[in-house]
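Each chain, letter by letter, is given below.
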Amino acid sequence: MNHKIVHLPSGLYFVATPIGTARDITLRALDVLASADLIAAEDTRSLRKLMEIHGVPLNGRQIVAYHDHSGAGARARLLTALEAGQSVAYASEAGMPLIADPGYDLSRAAAEAGHLVTVAPGASAALAALTLAGLPTDAFFFAGFLPNASGARRKRLEELTAVPGTLVFYESPKRIAASLRDMAAVLGDRPAALCREITKKFEEVRRDSLLTLAEGLDQAPVKGEIVVLVDRARGASVSDGDLDSDLRAALKDNSVKDAASIVAEMHNLPRRKIYQLALDMAKDEG
């Protein structure tokens, strides 16, 4: 038996669960699940199965469903338990709670009400992928899931172009090829890594440029949970003076839109930002 019953002071205990292999759970997480007065979960069935695997009994306790669609009612029930002096454990379906998973509103409400809020940390797909990707880890930005529609996705990517660190995204198998192509179009064909099914039987890491990874999916599509990591921009920074000169030169023979596209691609900068500069410049000269 890997768990033990411990005294948990009244409070909210976020519990990390494995992202694949069930044995990746921590001993402290098992203790919290075995000892909490009330248990809540993003997916009650998956948590029940995990507890069964590790022999953690419910002992008559309920598992309350708390997810994006459970609404304020479920949150109120958990807060009422905290007000009554109970210990409440909350587990996401996989990985760390709140990291692209529900729990933020619950955490904030519990903290604002003066309750203890703590965590039994553990597996995280984003951090595990950073370890595997072979890209810089000194600075990174977790961007979660990108929008479904290509236009909205590209707009979001433009906002991330200048982030001085490795970009980390979660993605689905259905959208991965289109997302990689949009990333290459907006960010440039940067070095990247596609990590899937981390800690599971078919774990795989593909490392290449964004476009090459996208093309590789045509011959070898992927299934399962996916994390995409993209290297930071490596181009030399451009001065305001050089940017101004290049824009003025481009505007002589091109429309504002075309001039902005030319200069944005030249310096690997967000098109939206350069388009606004070109508009302002055209107005001033008009």
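Predicted, not measured: the structure shown is a model, and the values here were computed from it. (Residues numbered from 1 in each chain as written. Predicted model: local features only at pLDDT ≥ 70, side-chain atom pairs only at ≥ 80, totals over all residues. Heavy atoms only, no water.)

Draft legend 1. View of the pattern of salt bridges. Scanning all chains against the criterion turns up 11 salt bridges. Among the salt bridges present, the one from aspartate 105 reaches arginine 108, with a minimum N-O distance of 3.4 Å. Remark: arginine 108 and aspartate 105 occur in helix H4 (residues 104-112); sequence separation between them is 3 residues, near one turn of the helix. Classification of aspartate 105 as partly exposed rests on a relative accessible area of 35%. A single network of salt bridges, built from pairs that share partners, joins Arg153, Arg154 and Asp182. (Salt bridge = Lys/Arg side-chain N within 4 Å of Asp/Glu carboxyl O. Helix = DSSP H or I, 4+ residues; strand = E, 2+ residues; numbered from the N terminus. Buried < 20%, exposed > 50% of the residue type's maximum accessible area, 1.4 Å probe, protein only.)

Draft legend 2. Examining the sheet that holds strand S3 (residues 63-65) more closely. Within the open sheet, the 5 strands sit side by side as S3-S2-S4-S1-S5. Their pairing is parallel. In this open sheet, the two edge strands, each paired with only one partner strand, are S3 and strand S5 (117-120). Sheet twist, expressed as the mean angle between neighbouring strand axes with direction ignored, is 25°. Note that strand S1 (residues 11-15) and strand S4 (residues 87-91) share 5 bridges and pair parallel. Bridge pairing in S4 links leucine 12 to valine 88. Most of the contacts of helix H2 (residues 44-53) go to S3, to which it runs at about 155°, and overall it touches strand S2 (38-41), S3 and S4. (Pairing = 2+ DSSP bridges. Axes fitted to C-alpha atoms, helices over the stretch in contact; angles between N-to-C directions. Contact = heavy atoms within 4.5 Å.)

Geometric values such as these leave the question of function open.
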